[in-house]
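Observations on chain architecture
Letter by letter, the chains look like this.
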Amino acid sequence: MPQFASYLSSFQTDPSWQAPKVIVLAILPFLAGLLAGWQPAGNSAVAQETGSMLVSITWNFIVGFSILGLALLIRIGMGQVTVSLPETWWMYLGGPLGLLSIALMALLVRGLGLLLLGLASTAGQLIGSVLIDWLIPSLGNQVYLVTILGAVVALAGAGIAMVPSANKHVKLDELEGKS
């Protein structure tokens, strides 16, 4: 326990550590993660009620587009808008990949449940993030041993949580609501 306390006190003596910024940067993704759990559940409920996953996805994008449009109008009103399109080709993949992600989550949440879907999504994000940081060092991020150990621990936790569900086999027809 004393080692842990000395480790924590090193943050207080490090001149580059700024508590408020670090705390906010930790809280925002946490809040986004809390809200992200509602999206597949809501999309699945709408799809189940209407009988069509397309209705669920369409409403998801209508709401998102409306919120982003409102934010844009506010920024235009404040005079804080500059229009420039990205020159990097892969930045345009966000829309199609987002559509695919939301469609898959709405489809898979029925068979997996929210917890397993969240764990699988987190595991995929961890693996993808570590690989991107490792394979593309020009982005300015380094992969440290502690990062890999943290990812391995999180993946082990996700794997352990998935074990009880390993015996539950769901057919694709059941996921789509067909009998």
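What counts, and at which threshold
Residues numbered from 1 in each chain as written. Predicted model: local features only at pLDDT ≥ 70, side-chain atom pairs only at ≥ 80, totals over all residues. Heavy atoms only, no water. Helix = DSSP H or I, 4+ residues; strand = E, 2+ residues; numbered from the N terminus. Areas by Shrake-Rupley, 256 points an atom, 1.4 Å probe, with all protein chains shown as cover. Expected span 1.5 Å × (residues − 1). Buried < 20%, exposed > 50% of the residue type's maximum accessible area, 1.4 Å probe, protein only. Arc of directions from axis to C-beta. Contact = heavy atoms within 4.5 Å. Patch = residues over 30% accessible without salt bridge, like charges linked within 9 Å, V, L, I, M, F, W, Y side chains within 5 Å. Salt bridge = Lys/Arg side-chain N within 4 Å of Asp/Glu carboxyl O. Axes fitted to C-alpha atoms, helices over the stretch in contact; angles between N-to-C directions. Parallel < 35°, antiparallel > 145°, perpendicular 65-115°, else oblique. Nonpolar A, V, L, I, M, F, W, Y, C, P; charged D, E, K, R; others polar. Left-handed = near helix turned anticlockwise from the far one by under 90°. Polar contact = N/O pair within 3.5 Å; in protein donor to acceptor, adjacent residues only side chain to side chain. pLDDT = per-residue confidence, 0-100.

A separate point is the overall build of the chain. For the chain, the count of helices and strands is eight helices and zero strands. Taken from N to C terminus, the helices and strands of the chain fall in the order α-α-α-α-α-α-α-α. Accessible surface, the chain: about 13900 Å² in total, of which carbon and sulfur atoms supply 72%.

What follows is about helix H3 (residues 38–50). The terminal C-alpha atoms of H3 lie 18 Å apart, and with 13 residues this matches the ideal 18 Å at 1.5 Å per residue to within 8%. Within H3, burial applies to Pro40, Asn43, Ser44 and Ala47. Buried residues in H3, looked at end-on, bunch into an arc of 100 degrees, giving them a common side. Along H3, exposed side chains directed more than 90 degrees from the buried face belong to Trp38 and Glu49. Downstream of H3 by one or two residues, Gly51 has phi in the positive range, about 80 degrees.

Note on placement: Ser56 falls in helix H4 (residues 53–77). Overall, the relative accessible area of 1% leaves Ser56 in the buried class. Every residue in contact with Ser56, bar those within four places of it in the chain, is listed here: Asn43, Val46, Ala47 and Ala106.

A separate point is a nonpolar patch on the surface. There is a patch of nonpolar side chains on the surface, built from Leu85, Trp89, Trp90, Met91, Tyr92, Leu93, Leu97, Leu100, Leu104, Leu108 and Leu112 and spanning about 1200 Å² of accessible area. Within the secondary structure layout, Leu97 lies in helix H5 (residues 94–112).

Contact geometry of H5 with helix H6 (residues 114–135) gives a least axis separation of 7 Å together with a crossing angle of 125 degrees. Overall, the two elements H5 and H6 adopt an arrangement that is oblique. In this structure, H5 contributes Met105, Leu108, Val109 and Leu112 to the contact, and H6 contributes Leu114, Leu116 and Leu117. When the residues that make up the contact of H5 with H6 are grouped by side-chain class, the tally is seven nonpolar, no polar and no charged.

Look at H4 against H5: their axes get within 10 Å of each other, and the N-to-C directions meet at 130 degrees. Looking at the two axes, H4 sits oblique to H5. Here the hand of the crossing between H4 and H5 comes out right-handed. Between H4 and H5, the contacting residues are Met53, Ser56, Ile57, Asn60 and Phe61 on the first element and Gly98, Leu99, Ile102, Ala103, Ala106 and Leu107 on the second. Taken together, the residues of the contact of H4 with H5 sort by class into eight nonpolar, three polar and no charged.

A few words on H4. Look at H4: 36 Å from first C-alpha to last across 25 residues, which is about the 36 Å you get at 1.5 Å a residue. Considered for burial, the residues of H4 that qualify are Ser56, Ile57 and Asn60. Its side-chain oxygen 3.2 Å from the backbone nitrogen of Leu54, Ser52 forms the N-cap of H4. At the C-terminal side of H4, Gly79 shows a positive phi close to 70 degrees.

Another aspect to go through is the environment of Ser101. Here Ser101 shows up in helix H5. The spacing of Ser101 and Pro40 is 61 residues in sequence and 10.0 Å in space, taken between C-alpha atoms.

Attention shifts here to the environment of Ala156. As for its placement among the helices and strands, Ala156 is situated in helix H7 (residues 145–162). With relative accessibility at 38%, the residue Ala156 sits in the partly exposed group.

Take the confidence of the model for the chain next. With 80% of its residues at a pLDDT of 70 or more, the chain has an overall mean of 77. When pLDDT is averaged over each element of the chain, H4 comes out on top at 87 and helix H1 (residues 2–13) at the bottom at 43. In this model residues 1–15 is a low-confidence stretch, pLDDT under 50, and it forms two contacts with partners more than four residues away in sequence or in other chains.

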